[in-house]
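Chain by chain, the residues run as shown.
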Amino acid sequence: MAEPVEHIAPVALGPRVAELIADGGHFVMLVGLDERSVGGDGLAIEAVVATQSGLARLRAQLPLTNPSYPTMSRMVPAAHWDEREAKDLLGIVPIGHPDPRRLVLHEQWPSGYAPLRKDVPVDRQPALGDHHFVPFEVHGEGVYQLPVGPIHAGVIEPGHFRFSAIGERVLHLDARLFFVHRGLEKLVEGRTFARALPIVERACGVCTVTHALAYAQAVESLTRTTIPDRARWARVLLAELERLYNHVGDLGNMCAGVGFQPAISRLGWLRERLLQLNDALTGHRYLTGIVAPGGLAADLSPDGLAILPAALDDIGAELAAAVRSIIRSEGVMDRFQGTGLVGPAEARTLGALGVAARASGLLLDLRADRPYAAYGELDVSTTVFHGGDVAARFHVRAQEAHEALRLVREVLHEMPDGPFRAPLAAVPATGASEVAGVEGPRGASWLWLRAGPDGTIDRLRLRSASFANWPVVAAAVPGNLVPDFPLINKSFELCYACTDR
Amino acid sequence: MAGSLVLGALQVAGTLLLAPLLFGVTKRVKARLQYRRGPSLLQPYRDLAKWWRKESVESDAASPLTAAAPAIVLASVVVATFLVPMVGIVPPLDGWGDLLVVIGLLALGRFVLALSALDAGSAFGGMGSSREVAIATLVEPALLLALAGAALAARSTDLGTIAGVGQAAGLSWYTPALLLSAAAFAIVAVAETGHEPVENPDTHLELTMIHEGMLLEASGPRLAILMYAAELKLVLVAGLFGAAFLPVGLARTASPVEILVALGATLAKVAGAAVALGILDATLAKMRILALPGLLTTASLLGAVGLAVRLWLPS
């Protein structure tokens, strides 16, 4: 699906993206580029928008001396984190950005340090300065600040949440992430496609198939590789198993947000059974190391495939019973309903993806919109709810988990025997680039990949669904009660590692 | 006199030694209802020992109150516990105070704990304090109304007398009015001891904490003392319920048979409370915090109706 890159003037970039989105397109990502490694002499910024007729890729060249362009965030709010990231990592300045604070590299990093530029070696460690974090605060009579994290009482990933509250009601939430930014995108530059895979798929522990799959698809497009049929079907199987254990675990986590113990343990136990099935099937509980460019790194275990149907029937019945017991609990549903509202207009403006979008009435699902692997031959039924609250996100997850079970059964029926991997067909030209998207458990995860010389990576950007959805969380919280935040947060259940990279 | 000394000593030793065990029972019940094995019943003792050996970390903002608070909180609960008859019909500190003093001591402990949580100057302590105090304004009237029902029935606010009258009355003690008061007390007891649906005692979610929020800044021996006080408070609340609303089995003399019956009855009552709280924890979701006033007002209403029935509908 190689879509051509359209070159465009920096001033025209924002209006063009806004126009495409007004015509029904969806913002995919911005990627900042250093063109010097592929024969250029400056930097560039590329906007990717998903339209009805495929991806629109708009690239604006920027001079090295003053790499700036008028911000698009005021027209396209979904781009506002992308713009801040390109500014931190490449020094590309969006002029007039509504929130020019640091995002990825916090304030202690020296100004002018732009690690993704090609002249910065990967092992450079600049001296860190003092930490001058300026949170967004609301002032006024009776308004108080509540700083939470980045170290939490529970074992969860690091994030700092600054609440401005009046009594128990939240006026504003400022979320500060990227405490575990590991520079993965810099780390893969110059590596061969095969050697980069372990890094890309470990961007996050619970979205490994999603990331490996997006990466493999981008590499296969670049190398014009066609993968064997068995691998196409097996990829659907793996992607749905990943969705299933995530959704089952997240349904349980939502119950933890209201302290509803019976469902927490019941769903936690189901999730554990699913992880054990993953292990039986692939040798890894979190499905790491199975998807590879060209197909699969190894065939699925016949023993694992043999026990799958009966185990899934059992899990399906148990899941249905658990979900029923939650819906029947008045105490739980009272907490879920009306909490953490995100309206359809807000969801669309902020670029919500996945469960977050589909619970707010947006029909977005890459499995249907831009089919990959064997999804084109399957009839994926996409669940949409219109409530926009925690309850809607609960129902979307519950139904998607059952749909995942159905799809897995269908794959088991349809998957042909045969080879599971094809060699990469060609070495891509230096500077050739591809964009691939996968509908992960939290929504569409997009990967932008440009080839360097001899089958290496020149630039990779991973924009996970969590990255897209964090600003939606921050928008869902104001007006709710402080103790409802954990519940709202868990109803999105976003990854920090996927976001921070 | 020697007899009441023996009974008093039994209550003192029993409550002080067994309080952590009740926490263990609640946790065990909760674990079993979740198909988990759960920690050992002795785990609360080990936790206390662990905290006792650790160092106390103190906020730079803390005043001497932080150091004094655990002692005051514990002392208020200990004294209150000895004002409630749990083994003998006469409490260990007979004549030192009636149920109003017990309620006052509970309020004193809460007040000092809330102050000490503010003392550290962190946001969570302040949040816990403000929630605790907001809830206390609804808990205390309900507690008073509920216990007033029993006091009115016995024509005395002295807990020993209430238990004595109740035990002597036999089944005729359990009038509809008293059952209403008992129901009010049961609701208040859940809030007072920090269990679901009011609070999740095992949560790690800082933003949802009430009582736990006030303990976040405590560490080492101070945390051990405050946790022990919370464990003892569960015994106190259960004992208070037993004395006022279920006065059976309390010993009038120190004869071995009566002592055995009294110990068995009290253990059953207190363990029953621990099991009930475990079941609540394991089966209910936490209420929205702004819905709590509704629940606690219900308790007050039950208590008030109990009193009204007693006053205007003589049996």
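These figures come from a predicted structure and were not determined experimentally.

What counts and what doesn't
Per chain, the residues get numbers from 1 upward, laid out in the order the sequence is written. Each chain takes a letter, starting from A, and each ligand takes a number, starting from 1, following the order in which they are written. In view of the model being predicted, local features appear only for residues whose pLDDT reaches at least 70, and side-chain atom pairs are presented and counted only at 80 or more, with totals across whole chains, interfaces and linings using the full set of residues. Numbering of helices and strands runs from the N terminus; a helix is a DSSP stretch of H or I covering at least four residues, while a strand is a stretch of E covering at least two. To sort residues by burial, count the other C-beta atoms lying within 10 Å of each one's C-beta; a count of 20 or more means buried, 12 or fewer means exposed, and anything in between means partly exposed. C-beta atoms are built from the backbone. The contact criterion used is a C-beta to C-beta distance within 7 Å, with each C-beta placed from the backbone. Residues are grouped as follows: Ala, Val, Leu, Ile, Met, Phe, Trp, Tyr, Cys and Pro are nonpolar; Asp, Glu, Lys and Arg are charged; every other residue, Gly included, is polar. Geometry is summarised by axes, namely lines fitted to C-alpha atoms with helices restricted to the contacting stretch, and by angles between N-to-C directions that run from 0 to 180 degrees. In these notes the angle categories are as follows: under 35 degrees is roughly parallel, over 145 is roughly antiparallel, 65 to 115 is roughly perpendicular, and the rest is oblique. Here a strand pair is declared whenever DSSP counts at least two bridges between the two strands. The nonpolar core criterion groups buried Ala, Val, Leu, Ile, Met, Phe, Trp, Tyr and Cys residues into a set whenever they are joined through C-beta atoms within 7 Å. Domain segmentation is taken from an automatic or database assignment of domains. Taking the helix axis as origin, the arc is that swept by the directions to the C-beta atoms. By definition, pLDDT measures how confident the predictor is in each residue, and it falls between 0 and 100.

**So, the overall build of chain B**
Line of reasoning, step 1. For chain B, the helix and strand inventory stands at 11 helices and 0 strands.
Line of reasoning, step 2. For chain B, buried positions account for 52% of its 315 residues.
Line of reasoning, step 3. Intrachain contacts of chain B at a sequence separation of at least 6 include 80% that bridge at least 24 residues.

**Focus: the overall build of chain A**
Line of reasoning, step 1. Helices and strands together make up the secondary structure of chain A, namely 16 helices and 14 strands.
Line of reasoning, step 2. On the principal axes, the C-alpha backbone points of chain A span a range of 70 × 60 × 45 Å.
Line of reasoning, step 3. Looking at chain A residue by residue over its 501 residues, the buried ones come to 51%.
Line of reasoning, step 4. Expressed as a percentage of contacts within chain A between residues at least 6 apart in sequence, the contacts between residues at least 24 apart total 69%.

**Section: the interface of chain A and chain B**
Line of reasoning, step 1. Each partner contributes to the interface: chain A provides 24 residues, whereas chain B provides 26 residues.
Line of reasoning, step 2. Broken down by secondary-structure element, the contributors of at least two residues to the side of chain A that touches chain B are β7 (143-148), α7 (261-282), α9 (330-336) and α15 (485-492) of chain A.
Line of reasoning, step 3. In the side of chain A that touches chain B, the residues fall into 14 nonpolar, 7 polar and 3 charged.

**What about helix α6 (residues 159-169) of chain B?**
Line of reasoning, step 1. Those residues of α6(B) lying buried are B:Leu159, B:Gly160, B:Ile162, B:Ala163, B:Gly164 and B:Gly166.
Line of reasoning, step 2. Looking at the residues trailing α6(B), positive phi occurs at B:Gly170, about 65 degrees.

**Quick look at the packing of helix α4 (residues 99-119) of chain B against helix α5 (residues 123-154) of chain B**
Residue and element names in this part refer to chain B.
Line of reasoning, step 1. One can describe the packing of α4 onto α5 by two numbers: an axis separation of 10 Å at closest approach and a directional angle of 175 degrees. As summarised for this structure, α4 and α5 are arranged roughly antiparallel, according to the angle between their axes. Facing α4, whose interface residues are Leu99, Ile103, Ala107, Arg110, Ala114, Ala117 and Leu118, α5 presents Gly125, Gly126, Gly128, Ser129, Glu132, Val133, Ala136, Glu140, Leu143, Leu144, Leu147 and Ala151.

**Topic: the sheet that holds strand β14 (residues 457-463) of chain A**
All names here are of chain A.
Line of reasoning, step 1. Within the open sheet, the 3 strands sit side by side as β12-β13-β14. Their pairing is antiparallel. The sheet terminates laterally at β12 (433-440) and β14, the two strands that pair on one side only. Pairs of neighbouring strands in the sheet enclose a mean axial angle of 15 degrees, with direction left out of account.
Line of reasoning, step 2. Of the strand pairs in this sheet, β12 and strand β13 (residues 443-451) are connected by 8 bridges, and their pairing is antiparallel. Residue pairing in the sheet places Val435 in a bridge with Trp448 of β13.
Line of reasoning, step 3. Sitting on the sheet, helix α14 (residues 465-476) touches β12, β13 and β14, and the angle it makes with β13 is about 130 degrees.

**Remarks on the pairing of β12(A)**
Residue and element names in this part refer to chain A.
Line of reasoning, step 1. Taking burial as the measure, the 8 residues of β12 include 8 buried ones, the bulk of the element.
Line of reasoning, step 2. Going residue by residue along β12, you find Ser433, Val435, Gly437 and Glu439 tucked away on one face and Glu434, Ala436, Val438 and Gly440 tucked away on the opposite face as well.
Line of reasoning, step 3. In sequence, β12 turns back onto β13 through a hairpin of 2 residues.

**Let's talk about the nonpolar core**
Soluble globular proteins tend to bury their nonpolar side chains together.
Line of reasoning, step 1. Judged by nonpolar contacts, the single largest core of 165 residues is most densely connected at A:Ala356 and A:Leu447.
Line of reasoning, step 2. By residue number, the principal contributor to this core is helix α6 (residues 229-256) of chain A, which donates 15 residues.
Line of reasoning, step 3. Summarising the domain contributions, this core has at least three residues from each of domain 1 (1-121) and domain 2 (184-500) of chain A.
Line of reasoning, step 4. If near-sequence neighbours (up to four positions away) are discounted, A:Leu447 is found in contact with A:Ala214, A:Tyr215, A:Ala218, A:Ala436, A:Leu460 and A:Leu462.
Line of reasoning, step 5. Counting 93 residues, the second-largest nonpolar core is a separate cluster that includes B:Ala182, B:Leu234, B:Ala244 and B:Phe245.

**What to know about the sheet that holds strand β9 (residues 169-176) of chain A**
All names here are of chain A.
Line of reasoning, step 1. One open sheet accounts for 3 strands, arranged β7-β8-β9; its pairing is antiparallel. Because the sheet does not close on itself, it has two edges, and the strands there are β7 and β9. Averaged over neighbouring strand pairs, the angle between their axes works out to 20 degrees when direction is ignored.
Line of reasoning, step 2. Where β7 and strand β8 (residues 160-166) come together, 6 bridges link them in antiparallel fashion. By the bridge assignment, Val143 is partnered in β8 with Ile166.

**Notes on the environment of A:Gly455**
Residue and element names in this part refer to chain A.
Line of reasoning, step 1. Structurally, the position occupied by Gly455 is in the loop between β13 and β14.
Line of reasoning, step 2. You can call Gly455 partly exposed: it has 17 C-beta atoms within 10 Å.
Line of reasoning, step 3. The sequence separation of Gly455 and Gly190 amounts to 265 residues, and the corresponding C-alpha distance is 9.1 Å.
Line of reasoning, step 4. Not counting residues up to four positions away in its chain, the partners in contact with Gly455 are Thr192, Phe193 and Val427.

**Some details on the packing of helix α2 (residues 43-53) of chain B against helix α9 (residues 220-245) of chain B**
Residues and elements named next belong to chain B.
Line of reasoning, step 1. With their axes 7 Å apart at the nearest point, α2 and α9 run at an angle of 150 degrees to one another. Of the possible angle classes, the one that applies to α2 and α9 is roughly antiparallel. Contacts between α2 and α9 involve Pro44, Leu48, Trp51 and Trp52 on the former and, on the latter, Gly220, Pro221, Leu223, Ala224, Met227, Tyr228 and Glu231.
Line of reasoning, step 2. The residue makeup of the contact of α2 with α9, split by class, is 9 nonpolar, 1 polar and 1 charged.

**With respect to the domain arrangement of chain A**
All names here are of chain A.
Line of reasoning, step 1. Annotation of chain A at the domain level lists domain 1 (1-121) and domain 2 (184-500).
Line of reasoning, step 2. On the domain 2 side, the residues contacting the 19 residues of domain 1 number 20 residues.
Line of reasoning, step 3. Breaking the side of domain 1 that touches domain 2 down by element, the ones donating at least two residues are β2 (26-34) and β4 (54-62).
Line of reasoning, step 4. At 6 residues, the largest contribution of residues to the side of domain 1 that touches domain 2 is made by β2.
Line of reasoning, step 5. Residue composition of the side of domain 1 that touches domain 2, by class: 15 nonpolar, 3 polar and 1 charged.

**Some details on unusual backbone geometry**
Line of reasoning, step 1. In this structure, the amide linkage connecting B:Glu196 to the following residue, B:Pro197, adopts the cis form with an omega of 10 degrees.
Line of reasoning, step 2. Looking at the secondary structure, you find B:Pro197 in the loop between α7 (176-193) and α8 (211-215).
Line of reasoning, step 3. Even without being a glycine, A:Asp454 presents a positive backbone phi close to 55 degrees.
Line of reasoning, step 4. Position of A:Asp454 among the secondary structure elements: in the loop between β13 and β14.

**Quick notes on the environment of B:Arg288**
Line of reasoning, step 1. Following the sequence through the fold, B:Arg288 ends up in the loop between α10 (256-283) and α11 (292-312).
Line of reasoning, step 2. Separated by 156 residues in sequence, B:Arg288 and B:Glu132 place their C-alpha atoms 15 Å apart.
Line of reasoning, step 3. With residues up to four places along the chain from it excluded, the contact list for B:Arg288 reads A:Asp334, A:Arg335 and A:Leu481.

**Considering α2(B)**
Residues and elements named next belong to chain B.
Line of reasoning, step 1. Along α2, the residues that are buried comprise Pro44, Leu48 and Trp51. In a view along the axis of α2, the buried residues occupy a sector of 70 degrees, so they form one face of it. What points out from α2, more than 90 degrees from its buried face, is the exposed set Ala49, Lys50 and Arg53.

**Here's the deal with the confidence of the model for chain B**
Residues and elements named next belong to chain B.
Line of reasoning, step 1. Residue-level pLDDT values for chain B average 88, and 99% of them are 70 or greater.
Line of reasoning, step 2. Mean pLDDT across the elements of chain B ranges from a minimum in α8, with 80, to a maximum in α2, with 94.
Line of reasoning, step 3. With a pTM of 0.84, the predicted complex shows an ipTM of 0.76.

**Quick notes on the environment of A:Arg169**
Residues and elements named next belong to chain A.
Line of reasoning, step 1. Tracing the backbone shows Arg169 in strand β9.
Line of reasoning, step 2. A tally of 13 C-beta atoms within 10 Å means that Arg169 is categorised as partly exposed.
Line of reasoning, step 3. Sequence spacing of Arg169 and Glu3 is 166 residues, and the spatial spacing of their C-alpha atoms is 47 Å.
Line of reasoning, step 4. When residues no more than four places from it in sequence are discounted, the contact partners of Arg169 are Gly479 and Leu481.

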